[in-house]
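Structural features, examined
Spelled out, the chains give:
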Amino acid sequence: MTTVNVDESFAGRVYPPTGTTTVTADAVRAFARAVRAAHPSHHDTAAARELGHADVVAPPTFAVTLAQAAEAQFVSDPAAGIDFTRVVHGEEQFTHHRPIVAGDELTAEVHVDRVRVVRGNAMVTTRTELALTDGTPVTTVTSMLVVRAPEEA
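About the cut-offs
- Residues numbered from 1 in each chain as written.
- Predicted model: local features only at pLDDT ≥ 70, side-chain atom pairs only at ≥ 80, totals over all residues.
- Heavy atoms only, no water.
- Phe/Tyr/Trp six-rings, centres within 6.5 Å; stacked < 30°, edge-to-face > 60°.
- Helix = DSSP H or I, 4+ residues; strand = E, 2+ residues; numbered from the N terminus.
- Buried < 20%, exposed > 50% of the residue type's maximum accessible area, 1.4 Å probe, protein only.
- Expected span 1.5 Å × (residues − 1).
- Bend = angle between axes of the 7 residues up to and from the residue.
- Contact = heavy atoms within 4.5 Å.
- Lys, Arg positive; Asp, Glu negative; His and termini not counted.
- Salt bridge = Lys/Arg side-chain N within 4 Å of Asp/Glu carboxyl O.
- Polar contact = N/O pair within 3.5 Å; in protein donor to acceptor, adjacent residues only side chain to side chain.
- Core = buried A, V, L, I, M, F, W, Y, C linked by side-chain atoms within 4.5 Å.

**Re the packing of aromatic side chains**
One pass over the full model with this rule turns up three aromatic pairs. A centroid spacing of 6.0 Å and a plane angle of 40° characterise the contact between phenylalanine 10 and phenylalanine 74, whose relative ring orientation is tilted. Separated by 64 residues along the polypeptide, phenylalanine 10 in the segment before β1 (14–15) and phenylalanine 74 in helix α3 (residues 63–75) bring together distant segments of the chain. Assigned by exposure class, phenylalanine 10 and phenylalanine 74 land together as buried. With a centroid separation of 6.0 Å and an interplanar angle of 50°, the aromatic rings of tyrosine 15 and phenylalanine 74 are classed as tilted.

Here it is as structure tokens:
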């Protein structure tokens, strides 16, 4: 059986934030339209303010856009051995500590929590900690990727 070349020793590795991302109202609205999140707080600042937020509120799954951008550090690290053409997204889980709101300046720290090989395929679990620049936790995104083994010739 052919196995993948994902380096199992990457489990436990942490990729620190590489900068900050400012969440824009336009990005929140565009994502809300894409996922058909119709609640007015995702589109209208006044509606969001009536709920106590400073600006439009991102739908809960918006965090995946930030997490995936940060996870690229790991996925594209040549030493990790991940062939992205063989990646299938397995699971996603969100733990929200507070809503993401337009105007938030966020950092993303990526943790490689687990790498294991099952029947030649690598199961990779990452955890991305999204936080305000002052360190206040915002969202924890846990992802499981399956890196399929190459097909035998």
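There's more to say after this.
**Quick notes on the environment of alanine 38**
Tracing the backbone shows alanine 38 in the loop between α1 (25–34) and α2 (45–50). By relative accessible area, alanine 38 is classed as exposed at 67%. Between the C-alpha atoms of alanine 38 and proline 59, which are 21 residues apart in sequence, the distance is 9.5 Å.

**Remarks on α3**
Between its terminal C-alpha atoms α3 stretches 18 Å, which fits the 18 Å expected from 13 residues at 1.5 Å a residue. At alanine 69, α3 shows its largest bend, some 25°. Restricting attention to buried positions, one finds in α3 the residues Ala63, Val64, Leu66, Ala67, Ala70, Glu71, Phe74 and Val75. On its buried face, α3 is in contact with β1, β2 (21–22), β3 (87–96), β4 (105–118), β5 (121–132) and β6 (137–147).

**So, the side chain of aspartate 77**
One can find aspartate 77 in the loop between α3 and β3. Of the side chains with opposite charge, arginine 13 comes closest to the buried, unpaired aspartate 77, at an N-O distance of 4.1 Å. A distance of 2.9 Å separates the side chain of aspartate 77 from the side chain of tyrosine 15, its partner in a polar contact. Aside from chain neighbours lying at most four places away, what touches aspartate 77 is Phe10, Arg13, Tyr15 and Ala72.

**Observations regarding the nonpolar core**
If you look at the biggest cluster of nonpolar residues, it comprises 34 residues, and the most contacted ones within it are Phe62, Phe74, Ile82 and Ile100. Counting only elements with at least two residues in this core, the list comes to α1, α3, β4, β5 and β6. No other element matches the six residues that α3 contributes to this core. In this view, phenylalanine 62 contacts Val23, Ala27, Val28, Phe31 and Ile100; residues no more than four positions away in its chain are not counted.

**So, the pattern of salt bridges**
Tallying each qualifying case throughout the model produces four salt bridges. The shortest N-O distance in the salt bridge between arginine 98 and aspartate 104 comes to 2.9 Å.

**Quick word on the side chain of histidine 42**
Relative to the assigned elements, histidine 42 resides in the loop between α1 and α2. Under the relative-accessibility criterion, histidine 42 is labelled buried at 10%. At 2.6 Å, the side chain of histidine 42 forms a polar contact with the backbone oxygen of valine 57. Apart from the residues within four sequence positions on either side, histidine 42 is in contact with Val28, Arg29, Ala32, Ala37, Val56, Val57, Ala58 and Pro59.

**Considerations on the environment of arginine 33**
Within the fold, arginine 33 resides in helix α1. Arginine 33 gets classed as exposed once you look at its relative accessible area, which sits at 55%. The spacing of arginine 33 and histidine 43 is 10 residues in sequence and 8.7 Å in space, taken between C-alpha atoms.

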